[in-house]
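Read off the chains here:
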Amino acid sequence: MGDPQAPLQQVLSILDHYSLLGSNGKLAEDVQLVSLGDHFDWGKRAQRQQATQDGLLLLAWLAAHPPEQVILLIGNHDLARVDVLAAFTAQEFSYAQAEADALYTHAPLDPALELAFLQRYPAVPSVEILARDFSCFSTEQRVLVTDLLLAGRFRIAFAADSDLLLCHAGFTQRDLRRVGIAPKDHHHAPTVAGVLNAYLDHVLQDWGGQGSLTIPLLHQPGHSTTGEGLGVFYHRPAHPDHMPQETTALMRRMDPRTLPLGLTQVVGHTQDEKCRALLGAWVLPGAPQNGLLRSLWTDGTQVAYGLGLANHPTSSTAHLIFGDGAMGKIAPESYELLNLQTRQALSLASKP
């Protein structure tokens, strides 16, 4: 399922609609679920208290299942609990967010006031981050995310088949080379997932739950001195017209023509409207629509993006399947989940 940034009851209603829940309120025994990451931060300001508690309850509910039944992939909003927000107490966060809200509400934002804010809270990359993006934090969330990371429950990637990789936001050929995966293995999802998860375990062993978590080569948290976070957990595919001019080792945008050929990646992180804005001329005709699975196809030169799922890739093509259907904005019966066996939208008839 795509990013579960929605009320707990909404998530459970979606799962129940597809008959995935058992009589005990947990997943049925014959169901395996992969969550694509981002379990926190949704809703408007009036919903923050509920969103803070529901995010914690949802992640705890998922983690209460056996690790072979529920695979938890980590997203940038999950990582925020242990990087940008790593040093905050609940009270400090409350004060900082109140300041951010006041500054962010009175647009345009005064640069001098934002600079003063960032000097008071140097771990925060911008006022907007606390006013909008990482908006529903509690120290209990940080403890849970830390525990799940150190226990090996949060993963970077999961191989559902030899050529089917699940991750939060997608990897380019360059990303895979950076962590030592040879080009000849880029199409082999088990190899890719194995290397990425082993690398995460190595980083976590050094981190040990203390301080802000950085994942070198893959993830740089946001900071007042460096700006927004960078790396693979922020990736969004973009047409060159919408790519930043400067090129750094880690970026927030990726050129889909550089995706690993022969590999299908199932990702969350980016909703339909944002995809259309960033992909520009590569978007097939049609209006944005929440709730539906979408796909991107490329042969390394041509790119096409639209609603529905593309054909099975060949060794000379690459695919992205997008699972973030704006879960909090759609009726449960209209939200599509991906059946990993058929690689199509899950239907009541196709339930495993």
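Everything here concerns the structure above.
My aim in this report is to walk through the structure given alongside it, one point at a time. Computed from a prediction, not measured in an experiment: that's the story for all the values here.

A few words now on the sheet that holds strand β2 (residues 70-73). Read from one edge to the other, the open sheet built from three strands follows the order β1-β2-β3, with strand pairing classed as parallel. With partners counted over all chains shown, the strands left at the sheet margins are β1 (33-35) and β3 (154-155), one partner each. As paired strands, β1 and β2 are joined by three bridges and run parallel to one another. Looking across to β2, one finds that Leu-33 is bridged to Val-70. Along the sheet, helix α2 (residues 48-63) contacts β1, β2 and β3; its crossing angle with β2, the most-contacted strand, is approximately 135°.

Mapped onto the elements of the fold, Gln-10 is located in helix α1 (residues 8-17). Given the relative accessible area of 14%, Gln-10 is considered buried. In the structure, Gln-10 is positioned 322 residues away from Pro-332 in sequence and 6.7 Å away in space, judged by C-alpha atoms. Ignoring sequence-local partners within four residues, the contact set of Gln-10 consists of Met-327, Ile-330, Ala-331 and Pro-332.

Attention now moves to the environment of Tyr-335. Its place among the elements puts Tyr-335 in the loop between β13 (318-322) and β14 (338-339). For the pair formed by Tyr-335 and Pro-237, sequence separation is 98 residues and the distance between their alpha carbons is 23 Å. Residues in contact with Tyr-335, not counting those within four places in the same chain, are Gly-2, Ile-14, Tyr-18, Gly-291, Gly-323, Asp-324, Gly-325, Ala-326, Met-327 and Ile-330.

It is worth spelling out the packing of aromatic side chains at this point. The tally for this structure, following the rule as stated, stands at five aromatic pairs. Taking 5.5 Å as the distance between ring centres and 85° as the angle between the ring planes, the aromatic pair formed by Tyr-305 and Phe-322 counts as edge-to-face. Highlighted residues: Tyr-305 in strand β12 (residues 303-307) and Phe-322 in strand β13, separated in sequence by 17 residues. The same class applies to Tyr-305 and to Phe-322, which are both buried. These aromatic residues form a ring-pair network of at least three members: Phe-88, Phe-93, Phe-117, Tyr-121 and Phe-137.

With that settled, consider helix α10 (residues 272-279). Of the residues making up α10, those classed as buried are Asp-272, Cys-275, Arg-276, Leu-278 and Leu-279. For α10, the elements touching its buried residues are β8 (236-237), β9 (253-254), β11 (294-298), β12 and β13. Phi for Gly-280, located one or two positions after α10, is positive at around 50°.

What counts as what
Residues numbered from 1 in each chain as written. Predicted model: local features only at pLDDT ≥ 70, side-chain atom pairs only at ≥ 80, totals over all residues. Heavy atoms only, no water. Pairing = 2+ DSSP bridges. Helix = DSSP H or I, 4+ residues; strand = E, 2+ residues; numbered from the N terminus. Contact = heavy atoms within 4.5 Å. Axes fitted to C-alpha atoms, helices over the stretch in contact; angles between N-to-C directions. Buried < 20%, exposed > 50% of the residue type's maximum accessible area, 1.4 Å probe, protein only. Phe/Tyr/Trp six-rings, centres within 6.5 Å; stacked < 30°, edge-to-face > 60°.

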